[in-house]
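Structural overview for review
Listed below are the residues making up each chain.
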Amino acid sequence: MPLSADPVLRPPIANPVHPVFAASRDDTTVVSIGPSHPATHGTVQIIAEMDAEKVVRTDVHCGYLHRGFEKECEDHTWHNLMPYVDRLNYCSALINNFAYCDAVEQLMGIEITPRTKYLRTLLAEYSRVADHLTCVAAQLMELGAMTGFLYLVTARDSMYEHLAALTGARVTYSYGRIGGLAFDVPPGWFRRLEEILADYERYVGMVHGLVDRNRIFIDRMRNVGVIDTARAVHWGFTGPILRSTGAPRDLRKDTPYLAYGELDFDVPVGIKGDNYDRYYVRMREMDESVYMMRQLLDMIPEGPIMVDDRRCVFPEKELVYTEIESLINHFKLVMEGPVVPAGDIYVAHEGANGELGFYCVSNGEGQPYKVHVRAPSFVHMGGVHTILDGYQLADIVTTFGSVNMIGGECDR
Amino acid sequence: MTAPLFDRLREQLSPGEAGSGGQVSAETPVVCLGVQHKVLVFALTPDQLLPMARRLRDEFGFDLFLDVTAVDWPGAPLRFEVVWHFYSTAAHVRVRLKARVPDPDPTVDSLTPLYGAAGYMERECHDMYGIVFRGNPDLRPILLYEGFVGHPLRKDYPKQKEQPLVPYLPPQGALVR
């Protein structure tokens, strides 16, 4: 097809989204739910064939944010992608950030400093707590449990402010750097962290008391959106959805990275893989994350946060102004980017939603040849129809909330 | 821990290659490229993909389909390199398969008969690179709309190109100063 076809001359398109089916029977109706429906966060559209209140089958369209993430990556240096990878999952941006840094560092053969390693682990767990709080809070709100929503969002809000105090941004932190972190932790930050963790436990305890044994909550969540382990693996589900089926699959345990090999933690699993299990797995996972963070607070050593590697780390500002070598080094890093050896790499971290993989291809230049993201939400969208079909229309709201779909990850 | 499984995979999936120093011959069409950053990599031709993936799933327990994507190398005799990633949830190891396909007819087999997860990711790859996955029952556009011309992640697609569905309005007098 010619690339230069004039878009104005193309025939108008009546409806860009075509469902995979029409109504199969006389007594069913095909309805479109979303996009931008309160039940479906973000750009998602669900086309559902309904037999009265019952969902016969669904066709899920993940939508598109028109951000062009992967295309933009090919036009920037390896450094400059940091804000883009943040915006993949805006609930737990730091995990994305560190996974990308890890991929590039492994490709360059860089070993990060111990302080960076522990700090990254701590912040990744912190992000996971914030992400799960968002997901569970939204899920509760969709069921009408407004108090639970407010409790969890209050806890999350102090975390966001705390992370903003560290990184200087509220949601899109851009805190990782190839070879380390942007800057060190400000004084008093760890002390405030302990206060926030205590607050978190108070609020989550209240939510447990409000909904765990609530009749309405259980009726809406138990035995809704059930999936077993074999089907979950077949559809590529990872993270809390896979663990809710009873399979203890967690990359932090299975293939430890960062400092996870030295930490003591459990992998919470569910019983039968329904909505209630997904809720409970997330709640338990947050507790494990907090337990890990408390261990990490005692483990973080003093020391530099950046490696001493002139291929990717900017020299000190004072040296740039006084030394010609540092000036040239700085100039080359800004204009050409860090030189990453040719090759390709796939690095996966346990994101808040599942396996977050970065497939990076370098041809030996300062710009990536290709960056591909294996985003958990995108893969989940491919199989989410299996846990929507056969339930009620109103269950789409809760089931879809328990998948925790993030629009930014479905972007390319 | 993973080394014995990797050795077994290497021996059984590309036999005869270990002794010949990686030399490609007619008897060893599947080439093992070794372990790269903890991932065992195989290069194969498109028609070997389906049997290879079936063996990986059934004999070696690679039950989780992770990812499929393509890399565009314009100017190369076989332009697109399609890359698959698999994961074994029992042994915790990853395998990468690579196949090169030509430009005018970039066709590979779909893995939807083996893995449900492949369907959505193949649709994405089809959208972005124009790779045709033979056997995918539902290769509609997923991220782009019907009628979008070209494939945005190909290297020859300009980054600044715009294809608005609704033509831009002419500048209006009140807004143009």
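Counting restarts for each chain, with residues numbered from 1 along the sequence as it is written. Numbering of ligands from 1 and lettering of chains from A proceed in the order in which they are written. Only residues with pLDDT of at least 70 get local features here, since the model is predicted, and only at 80 or more are side-chain atom pairs given and counted; chain-wide, interface and lining totals rely on the full set of residues. Only hydrogens and water are removed before side-chain values are computed, so all heavy atoms of the structure are retained for them.

**Digging into the sheet that holds strand 2 (residues 45-51) of chain A**
Residue and element names in this part refer to chain A. By definition, two strands form a pair when at least two bridges between them are found by DSSP. The secondary structure listing takes helices from DSSP runs of H or I that are at least 4 residues long and strands from runs of E that are at least 2 residues long, numbered from the N terminus. Strand order in the open sheet made by the three strands is 1-2-3, with antiparallel pairing throughout. Sheet topology places strand 1 (29-33) and strand 3 (54-61) at the edges, where each strand pairs with a single neighbour. For this sheet, the mean inter-axis angle between neighbouring strands, taken without regard to orientation, is 25°. By the bridge criterion, seven bridges tie strand 2 to strand 3 in an arrangement that is antiparallel. If you follow Ala 48 over to strand 3, its bridge partner there is Thr 58. Only the contacting stretch of a helix is used when fitting its axis, a line to C-alpha atoms as for every element, and angles between N-to-C directions run 0 to 180 degrees.

**Digging into the pattern of salt bridges**
All names here are of chain A. Think of a salt bridge as a Lys or Arg side-chain nitrogen and an Asp or Glu carboxyl oxygen that are within 4 Å of each other. All told, the structure shown has 42 salt bridges over all chains when counted by the stated rule. Where Glu 195 meets Arg 192, a salt bridge forms, and the shortest distance between an N and an O atom there is 3.1 Å. Within this pair, Glu 195 and its partner Arg 192 are both found in helix 6 (residues 189-211), separated by three residues, close to a single helical turn. Residue Glu 195 is classed as partly exposed on the basis of its relative accessible area, which comes to 42%. Whether a residue is buried, partly exposed or exposed follows from its accessible area with a 1.4 Å probe, protein chains only, as a fraction of its type maximum: under 20%, in between, or over 50%, in that order.

**Concerning unusual backbone geometry**
In this structure, A:Leu258 takes a positive phi of about 45° despite not being glycine. Checked against the element boundaries, A:Leu258 lands in the loop between helix 10 (251-254) and helix 11 (275-299). Backbone geometry at B:His92 places phi at a positive 60°, although glycine is not the residue there. Checked against the element boundaries, B:His92 lands in the loop between strand 4 (80-87) and strand 5 (94-101). Since its relative accessible area comes to 15%, B:His92 is described here as buried.

**With respect to the sheet that holds strand 7 (residues 355-362) of chain A**
Residue and element names in this part refer to chain A. Here we have three strands laid out as an open sheet, ordered 6-7-8, and antiparallel in their pairing. The open sheet terminates on both sides in strands that have one partner only, identified here as strand 6 (343-350) and strand 8 (370-374). On average, adjacent strands in this sheet sit at an angle of 15° to one another, irrespective of strand direction. One ladder, built from eight bridges, connects strand 6 with strand 7; its direction is antiparallel.

**Some points on the interface of chain A and chain B**
Residues are treated as being in contact if the distance between any of their heavy atoms lies within 4.5 Å. On the side of chain B, 56 residues touch chain A, which itself brings 54 residues to the contact. Of the roughly 4700 Å² buried where chain A meets chain B, counting both sides, 60% is carbon and sulfur surface. One can count seven salt bridges joining chain A with chain B. B:Lys159 serves as the salt-bridge partner of A:Asp75, at 3.0 Å between the closest nitrogen and oxygen. Distance and chemistry together define a polar contact, namely a pair of N or O atoms within 3.5 Å, with one atom able to donate a hydrogen and the other to accept it when in protein, and with adjacent residues in sequence counting only for side-chain atoms on both sides. Linking chain A with chain B are 23 residue pairs in polar contact (both at pLDDT 80 or more). Amino acids are sorted into nonpolar (Ala, Val, Leu, Ile, Met, Phe, Trp, Tyr, Cys and Pro), charged (Asp, Glu, Lys and Arg) and polar (every other residue, Gly among them). A class-by-class count of the residues in the side of chain A that touches chain B yields 28 nonpolar, twelve polar and 14 charged. Here the quantity called buried area is the total loss of accessible area, with a 1.4 Å probe, experienced by two parts when brought into contact, counted for both.

**Examining the nonpolar core**
In this description, a nonpolar core means a group of buried Ala, Val, Leu, Ile, Met, Phe, Trp, Tyr and Cys residues linked to one another through side-chain atoms lying within 4.5 Å. Counting 170 residues, the largest nonpolar core has A:Phe358, A:Met381, B:Leu9, B:Trp84 and B:Leu111 as its most contacted members. When residues in this core are grouped by element, the largest group, twelve residues, is from helix 4 (residues 114-142) of chain A.

**Some remarks on helix 11 of chain A**
What a helix is expected to span follows from its residue count: subtract one and scale by 1.5 Å. With 25 residues, helix 11 of chain A extends 36 Å from end C-alpha to end C-alpha; this agrees with the ideal 36 Å at 1.5 Å per step. Within helix 11 of chain A, 18 of the 25 residues are buried, which leaves the element mostly enclosed by the surrounding structure.

**Thoughts on the packing of aromatic side chains**
Working definition: rings of Phe, Tyr and Trp (its six-membered ring) pair if their centres are within 6.5 Å, and the pair is stacked with planes under 30 degrees apart, edge-to-face with planes over 60 apart, and tilted otherwise. Summed over all chains, the structure comprises 20 aromatic pairs over all chains. Look at A:Trp189 and A:Phe190: their rings are 5.7 Å apart centre to centre, the planes differ by 80°, and that puts the pair in the edge-to-face class. Given the relative accessible area of 24%, A:Phe190 is considered partly exposed. Ring centres of A:Phe378 and B:Tyr120 lie 5.4 Å apart, and the angle between their planes is 45°; this geometry places the pair in the tilted category. You can see A:Phe378 sitting in helix 14 (residues 376-383) and its partner B:Tyr120 sitting in helix 3 (residues 118-129), one on each of two chains.

**What to know about the confidence of the model for chain B**
Note on scores: pLDDT gives the predictor's confidence for each residue, bounded by 0 and 100. For chain B, per-residue confidence averages 84 on the pLDDT scale, and 87% of positions sit at 70 or higher. The low-confidence segment residues 18-26 of chain B, where pLDDT is below 50, has four contacts with residues more than four positions distant or belonging to other chains.

**Considering the environment of B:Arg123**
Residues and elements named next belong to chain B. Secondary-structure assignment places Arg 123 in helix 3. Looking at Arg 123, the relative accessible area reads 4%, which means it is buried. For the pair Arg 123 and Arg 100, spaced 23 residues apart in the sequence, the C-alpha separation amounts to 18 Å. When sequence neighbours within four positions are dropped, the list of residues in contact with Arg 123 reads Asn 136, Asp 138, Leu 139, Arg 140, Pro 141 and Ile 142. There is a polar contact of 3.4 Å between the side chain of Arg 123 and the backbone oxygen of Pro 141.

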